[in-house]
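# Residue-level structure breakdown
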Amino acid sequence: MSSRRSRSGQTGSSRITDDQIADLVSKLQQLIPEIRNRRSDKVSASKVLQETCNYIRSLHREVDDLSDRLSELLASTDTDSAQAAIIRSLLM
């Protein structure tokens, strides 16, 4: 990590340390399937952050797709049907 960050007028524990950043990057690395499934343990922090952003974008696309599919399903279902009631209960 940058030596400038660790030397620049830090007061107390209000600033995040390089060790804390490394720990957070390591935790992210364990959460992201693209990185977690790799054989190599050594991945740069930059790559972890890049893959995290990509993963979040893919999750957003998946949520949008599921939302569209749900809207289509609700539009094609009788609002008084048992199926519509089940869908509504899942959304609550």
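The following refers to the structure shown. Just so we're clear, the structure is a prediction, and the values are computed from it rather than from any experiment.

Here is what the cut-offs are and how they apply
- Residues numbered from 1 in each chain as written.
- Predicted model: local features only at pLDDT ≥ 70, side-chain atom pairs only at ≥ 80, totals over all residues.
- Heavy atoms only, no water.
- Axes fitted to C-alpha atoms, helices over the stretch in contact; angles between N-to-C directions.
- Helix = DSSP H or I, 4+ residues; strand = E, 2+ residues; numbered from the N terminus.
- Left-handed = near helix turned anticlockwise from the far one by under 90°.
- Contact = heavy atoms within 4.5 Å.
- Nonpolar A, V, L, I, M, F, W, Y, C, P; charged D, E, K, R; others polar.
- Patch = residues over 30% accessible without salt bridge, like charges linked within 9 Å, V, L, I, M, F, W, Y side chains within 5 Å.
- Areas by Shrake-Rupley, 256 points an atom, 1.4 Å probe, with all protein chains shown as cover.
- Salt bridge = Lys/Arg side-chain N within 4 Å of Asp/Glu carboxyl O.
- Lys, Arg positive; Asp, Glu negative; His and termini not counted.
- Charge placed at Lys NZ, Arg CZ, Asp CG, Glu CD.
- Expected span 1.5 Å × (residues − 1).
- Buried < 20%, exposed > 50% of the residue type's maximum accessible area, 1.4 Å probe, protein only.
- Arc of directions from axis to C-beta.

## As for the packing of helix α4 (residues 45-75) against helix α5 (residues 82-91)
- Axis separation between α4 and α5 bottoms out at 10 Å; the angle between their running directions is 145°. The way α4 lies across α5 gives a crossing that is left-handed. Here L70, L73 and L74 of α4 lie close against α5, whose contacting residues are Q83, I87 and L91.
- In terms of residue class, the contact of α4 with α5 is built from five nonpolar, one polar and no charged.

## Notes on a negative patch on the surface
- Among the surface-exposed residues, E62, D64, D65, D68 and E72 lie close enough to one another that they form a single negatively charged patch.
- Here E72 shows up in helix α4.

## Considering helix α2 (residues 18-31)
- In a regular helix each residue adds 1.5 Å, so 14 residues correspond to 20 Å; α2 covers 20 Å between its end C-alpha atoms and thus fits that length.
- Turning to α2, its buried residues are I21, V25 and Q29. The arc enclosing the buried residues of α2, seen along the axis, measures out at 80°, which places them on a common side. Among the exposed residues of α2, those pointing more than 90 degrees away from its buried face are D19, Q30 and L31.

## Some words on the pattern of salt bridges
- One pass over the full model with this rule turns up three salt bridges.
- Between K27 and D23 there is a salt bridge; the shortest N-O distance is 3.3 Å. Taken together, the residues span about one helical turn, with K27 and D23 both in helix α2 at a distance of four residues.
- By relative accessible area, which is 40% here, D23 ends up partly exposed.
- When salt bridges that share partners are traced, they join R38, K47 and E51 into one network.

## Let's talk about the environment of S44
- Its place among the elements puts S44 in the loop between α3 (33-36) and α4.
- Along the chain, S44 and Q29 lie 15 residues apart, while their C-alpha atoms are 9.8 Å from each other.

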